[in-house]
Amino acid sequence: MVTSSSVPRLVVAAPSSGSGKTTVATGLMAAFAARGLAVSPHKVGPDYIDPGYHALATGRVGRNLDAYLCGPELIGPLFAHGARGCDLAVVEGVMGLYDGAAGEGELASTAQVAKLLRAPVVLVVDASSQSRSVAALVHGFASWDPQVRVGGVILNKVGSDRHEELLREALDAAGVPVLGVLRRVAQVGTPSRHLGLVPVAERRGEAVAAVAAMAAQVAGGCDLEALMGVARGAGALPGAVWDAAEALVSSTPPPLPVPSPGAAAPSTPPSGAAAPEPPLRPERPGPQTPPEGAPPDGLQGVRDGLRPRTPDRLAGVRVAVAGGAAFSFSYAEHAELLAAAGAEVVSFDPLRDERLPEGTHGLVIGGGFPEVYGAELSANEALRKDVAALAERGAPVAAECAGLLYLCRELDGLAMCGVLDASAWMSERLTLGYRDAVALSDSVLAVAGTRMRGHEFHRTVVEPGAGAAPAWGVRTPRPRVEGFVQRGVHASYLHTHWAAEPGVARRFVERCRTS
């Protein structure tokens with residue numbers, strides 16, 4: 001069993017969003033990979049899009065480190081799982097260095113993750129409108145928390161040689177090394193839209209070129225040897241390495257109800273009821289040595305299938321996972337947990353495939369952008385009917401956010417699968433933030449009373465917002481009920497990370513076997 005990780009590592013942070021973290025982090029990953037190093041890419045927070053660019057840069061699965069969704073105790077083990085066997089790990093931060101979950105102090109901040117990983121921080125500073133003041137800014141960030149070690153600064157958007165000279169003089173006096181200087185140049189081609197960058201799965205050719213441009217810019221402006229020296233200064237990371245099979249063995253799921261296909265889900269709260277107080281989250285098991293990571297792609301390594309590892313009694317269970325341009329959001333650990341629970345995990349693309357994979361016992365439809373591809377999804381009537389028939393038979397279906405929209409009767413007036421008697425449409429309002437939730441209805445994922453933490457990020461509305469048997473009672477930022485549980489379907493806006501509650505994957509696979 002691997003019990004510690006000494007892989008050299010850096011956390012790329014910034015004073016605020018928009019400073020250039022993604023360009024620098026992705027460029028560093030690609031520049032070091034081009035030197036022949038095995039680079040492990042990571043992203044602080046729940047974001048699905050940046051890890052896609054990280055995967056292109058490194059040739060490895062991009063992985064998230066979210067202390068709110070998974071708990072601080074899993075940050076080190078999940079990091080070690082992804083970084084095993086690598087020469088270097090680069091962790092891209094989120095927002096500003098000290099920004100985290102609202103009202104939760106440092107929880108889920110880049111600073112907290114850096115401390116949990118015993119990793120030095122490289123601060124990316126937008127220097128476009130300052131000179132000597134940069135020293136005061138950097139001094140504030142470096143001294144705010146003495147447990148956060150700022151190993152140096154990369155100056156971004158520097159205007160001229162003279163501008164660079166003034167910045168260096170100020171930082172030399174402050175005793176902070178300058179590890180790189182990036183000049184003001186035309187922005188690398190990473191277009192954005194209503195929820196951030198356009199995912200790699202939608203623009204692979206252009207994304208490859210964008211990552212190459214980031215690598216060239218960073219390699220030309222940064223001292224890679226000095227950065228590697230800072231990375232080698234990271235402390236040894238004690239503790240076990242996360243492993244999907246060990247996590248499942250150590251978790252104890254509650255008894256599994258197996259309702260008939262037409263049965264209503266139990267535990268439905270009265271209409272308008274506030275979410276009940278959930279039980280305390282059980283202490284999580286200590287994880288163990290991981291398998292090698294799956295190849296990176298828009299499906300986070302699911303494309304070529306993950307074969308079941310355990311147990312034999314569940315052999316033959318096949319779980320289809322939606323992917324492609326419309327459904328590119330997934331955490332790599334979900335497929336790994338499903339495989340560890342005994343499932344063969346196969347992918348399909350709802351934009352191209354007219355049938356579910358042959359022998360599908362269960363279906364997982366994660367996040368993405370069905371609102372962008374509504375016409376194409378609607379035109380694939382054969383697949384919509386196949387999905388509806390699978391749900392009608394009572395097979396397990398887990399749908400998050402984009403998956404919820406796809407299961408609705410219609411999206412922006414276009415016919416969808418019709419599994420749920422609900423309509424969805426685009427909205428001007430952004431719904432964004434962490435959520436503390438409790439399961440209100442027994443489902444293929446959890447029994448009523450199970451507490452989970454999740455994340456919402458969308459500009460759509462579903463009406464009604466909850467079914468007769470709601471999926472969740474959301475407690476933050478205001479109490480409400482949300483989502484749908486009917487037959488074997490669990491559909492919700494809430495994105496969750498199954499590494500936090502591995503029994504979810506085992507329960508889903510067991511239901512695939514018994515439905």
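Because the structure is predicted, anything quoted here is derived from the model rather than measured.

(A) Layout of the pairing of strand β23 (residues 489–492). The alternating pattern of β23 places Val 489 and Ala 491 and His 490 and Ser 492 on opposite faces, both of which are buried. As paired elements, strand β15 (residues 397–400) and β23 share 4 bridges and run parallel to each other. If you follow Ala 399 over to β23, its bridge partner there is Ala 491. Note: strand β22 (residues 484–486) against β23, 3 bridges, orientation antiparallel. Note on β23: the bridge partner recorded for Val 485 is His 490. With antiparallel pairing between neighbouring strands as the criterion, β22 and β23 make up a hairpin whose turn holds 2 residues, including Arg 487 at a positive phi of roughly 50 degrees.

(B) Just the packing of aromatic side chains, in detail. If you walk through the whole model with that rule in mind, you get 7 aromatic pairs. An angle of 20 degrees between the planes, with centres 4.5 Å apart, marks the rings of Tyr 48 and Tyr 331 as stacked. Pair noted here: Tyr 48 is in the loop between β3 (39–44) and α2 (49–58) and Tyr 331 is in the loop between β12 (317–322) and α11 (332–340), with a separation of 283 residues, a long-range link. For Tyr 331, a relative accessible area of 3% puts it in the buried group. These aromatic residues form a ring-pair network of at least three members: Tyr 48, Phe 329, Tyr 331 and Phe 369. The positively charged end of Arg 453 is found above the aromatic ring belonging to Tyr 68, 4.1 Å away from the centroid.

(C) Representation of the pairing of β15 in the model. By the alternation rule, side chains of β15 split into Val 397 and Ala 399 and Ala 398 and Glu 400, which are all buried. Across 3 bridges, strand β14 (residues 362–365) lies against β15 in parallel orientation. Looking at β15, one finds that Val 364 is bridged to Ala 398.

Rules behind the numbers
- Residues numbered from 1 in each chain as written.
- Predicted model: local features only at pLDDT ≥ 70, side-chain atom pairs only at ≥ 80, totals over all residues.
- Heavy atoms only, no water.
- Buried < 20%, exposed > 50% of the residue type's maximum accessible area, 1.4 Å probe, protein only.
- Helix = DSSP H or I, 4+ residues; strand = E, 2+ residues; numbered from the N terminus.
- Pairing = 2+ DSSP bridges.
- Phe/Tyr/Trp six-rings, centres within 6.5 Å; stacked < 30°, edge-to-face > 60°.
- Lys NZ or Arg CZ within 6 Å of the ring centre and 35° of its normal.

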